[in-house]
Amino acid sequence: SSKQWYQRRVRAAPNIANQTGDLVDPAEITKIQFNKVNCSVVKGKTWKIDRTSYHGDYNIVNGYPQNPKGRTGMVGRGCLARWGPNKAADTVVTRWHRDDKGEIVKMEGLPVLEFVAIYKQNFQQWAIPGGRVKPNERVFETIKREFSEEALANLSRPVSEQQRIAEMLSEHFRLGITVYKGYVDDPRNTDNAWIETIAVNYHDSTGNSFSNFPLKQDDDTGSGVQWKPIDQNIDLFANHEWIIEKVCYHRDAYNPIKEPKRRNTQVWMTQTSPT
């Protein structure tokens, strides 16, 4: 059944309303082709922007895309970069939680996982490293880039270290499990713009690969980063709790989430190009 939508003046947040170019949509949307992959030329360079949704075609009313999950209380593009779906990618890097003797910790007979968590200072919540997919960027390029920037503070390191980290990521981010593709219950969503993500889990079963990653706080944002055990209910950003629950389920690990949400439990083995 169709949802009832009422008309209000469409607006975008002031901090991005007047920005144009490849990274942010203009306020004028007449040239945007929704539910398709768009190509545009800016300053002689061709940009591809995926405006399709993981949930199928979304409705367009009076030229504006409608949030497939319904009303949010805010119209326009808000603080998001794109009208319609804003594609993102999240990286869940895990290993087994071990005691001082190196033995895997168990709770209720199940092994406990740890994941690389970053602290979002502006939301005061822990989160999975991730971010939006840039134009012309493949999803798994986003995964490596966002993890290196948010969990390894790669941009603040010397060039030689950046190269070493890039090689580590190419080596270890080859095969993962896609645990979720779809809508994100994010506080930045509006009636006409929303975030959709693909979440991929890379697991270090021996503790000898990802454990060697030099985790480092991003000095610009002040976000903390650490290996966080999944041994209790954690207050996580957006729907990241749901994603973590899915990882626990598919790794046969202890799951402390109080209200399991095991819908859409299909996973995909994902081969990542080493380039």
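Residues numbered from 1 in each chain as written. Predicted model: local features only at pLDDT ≥ 70, side-chain atom pairs only at ≥ 80, totals over all residues. Heavy atoms only, no water.

Student: Is there a simple way to think about the overall build of the chain in this case?
Tutor: In terms of regular secondary structure, the chain is built from four helices and 14 strands. Sequence-distant contacts, at least 24 apart, represent 68% of the contacts inside the chain between residues at least 6 apart. Summed over all atoms, the accessible surface of the chain reaches about 14,300 Å², with 47% contributed by carbon and sulfur. (Helix = DSSP H or I, 4+ residues; strand = E, 2+ residues; numbered from the N terminus. Contact = heavy atoms within 4.5 Å. Areas by Shrake-Rupley, 256 points an atom, 1.4 Å probe, with all protein chains shown as cover.)

Student: Looking at this model, I keep getting lost on helix H2 (residues 139-150). Mind explaining?
Tutor: Taking 1.5 Å of rise per residue, the 12 residues of H2 would be expected to cover 16 Å, and the 16 Å separating its terminal C-alpha atoms lies within 8% of that figure. At its buried positions, H2 is contacted by strand S5 (84-96), strand S8 (113-120), strand S10 (130-132), helix H3 (159-172) and strand S12 (193-204). (Expected span 1.5 Å × (residues − 1).)

Student: Could you clarify how one ought to interpret the side chain of glutamate 146 in this entry?
Tutor: For glutamate 146, the location among the structural elements is in helix H2. The contacts of glutamate 146, once residues within four sequence positions are left out, are Gly130, Gly131, Arg132 and Ala151.

Student: Just checking my understanding: could you explain the pairing of S5 for this structure?
Tutor: Walk down a regular strand and you will see the side chains alternate between the two sheet faces. With respect to burial, S5 is a largely interior element, 13 of its 13 residues being buried. The pairing of S5 with S12 spans 12 bridges and is parallel. Directly across from glycine 84, in S12, lies its bridge partner alanine 193. Pairing geometry for S5 and S10, over three bridges, is antiparallel. Considered in S10, the bridge of alanine 88 is made with arginine 132. In this structure, S5 lies alongside S8, joined through three bridges in antiparallel fashion. Paired with threonine 94 across the strands is phenylalanine 115, a residue of S8. (Buried < 20%, exposed > 50% of the residue type's maximum accessible area, 1.4 Å probe, protein only. Pairing = 2+ DSSP bridges.)

Student: Explanation requested: the packing of aromatic side chains in the structure shown.
Tutor: Centre-to-centre distance and the angle between the planes together describe a pair of aromatic rings. Taken as a whole and judged by the stated rule, the model has 12 aromatic pairs. A ring pair is formed by tyrosine 64 and tryptophan 83, whose centres lie 5.5 Å apart and whose planes are at 55°; its orientation type is tilted. Of the two residues, tyrosine 64 sits in strand S4 (residues 64-65) while tryptophan 83 sits in the loop between S4 and S5, which places them 19 residues apart along the sequence. When the ring of tyrosine 180 is compared with that of tryptophan 242, the centres are 5.1 Å apart and the planes differ by 50°; the resulting orientation is tilted. Of this pair, tyrosine 180 sits in strand S11 (residues 175-183) while tryptophan 242 sits in helix H4 (residues 240-250), placing them 62 residues apart in sequence. Members of the aromatic cluster, each reached through a chain of ring pairs, are Phe147, Phe173, Tyr202, Phe210 and Phe213. The aromatic ring of tryptophan 227 is capped on one face by arginine 95, whose charged end is 4.0 Å from the ring centroid. Its end group placed over the ring of phenylalanine 237, lysine 120 keeps NZ or CZ at 5.2 Å from the ring centre. (Phe/Tyr/Trp six-rings, centres within 6.5 Å; stacked < 30°, edge-to-face > 60°. Lys NZ or Arg CZ within 6 Å of the ring centre and 35° of its normal.)

Student: Could you clarify how one ought to interpret unusual backbone geometry in this entry?
Tutor: Excluding glycine, residues mostly carry a negative phi; peptide bonds, for their part, are mostly trans. We note that asparagine 62 has phi near 55°; this positive angle belongs to a residue other than glycine. Inspection of the secondary structure assignment puts asparagine 62 in the loop between strand S3 (60-61) and S4. Given the relative accessible area of 59%, asparagine 62 is considered exposed.

Student: I keep staring at the confidence of the model for the chain and nothing clicks. Help me out?
Tutor: The predicted coordinates of low-pLDDT regions are not to be read in fine detail. Considering every residue of the chain, the mean pLDDT works out to 83; 83% of them sit at 70 or more. This stretch, residues 1-10, has a pLDDT under 50; its non-local contacts, to residues over four places away or in other chains, come to 20 contacts. Long-range and interchain partners of residues 260-275, a stretch whose pLDDT sits below 50, account for 45 contacts in this model, where long-range means more than four residues apart. (pLDDT = per-residue confidence, 0-100.)

Student: Sorry if this is basic, but what is going on with the nonpolar core here?
Tutor: Soluble, globular proteins show a tendency: their nonpolar side chains are buried together. In terms of nonpolar packing, the biggest core is built from 27 residues, with Val92, Leu113, Phe115, Val179, Tyr180, Ile243 and Ile244 touching the most fellow members. Put simply, the parts of the chain that give this core at least two residues each are S5, S8, S11, S12 and H4. Formed by 21 residues, the second largest nonpolar core is a distinct cluster that contains Ala89, Phe147, Ala151 and Ile198. (Core = buried A, V, L, I, M, F, W, Y, C linked by side-chain atoms within 4.5 Å.)

Student: Even after reading the chapter, I still don't get the environment of lysine 181, so can you show me in this structure?
Tutor: Among the secondary structure elements, lysine 181 is positioned in strand S11. When the C-alpha atoms of lysine 181 and tyrosine 54 are compared, they prove to be 6.7 Å apart, with 127 residues separating the residues in sequence.

Student: Would you mind going over empty space enclosed by the protein with me for this structure?
Tutor: In this approach the atoms are scanned with a rolling probe the size of a water molecule, which exposes any empty space left behind. Under the definition given, this model contains one cavity of 30 Å³ or more. In this model, the largest cavity occupies a volume close to 40 Å³. Along its surface, the largest cavity is lined by Ile230, Gln232, Asn233, Ile234, Leu236, Glu241, Ile244, Pro256 and Ile257. Across the lining of the largest cavity, the residue classes tally to six nonpolar, two polar and one charged. (1 Å grid on protein atoms, 1.4 Å probe; cavity = no way out; pocket = protein on both sides within 12 Å on 5 of 7 lines; lining within 4 Å. Points joined across faces, edges and corners; volume = space filled by probe spheres on them. Nonpolar A, V, L, I, M, F, W, Y, C, P; charged D, E, K, R; others polar.)

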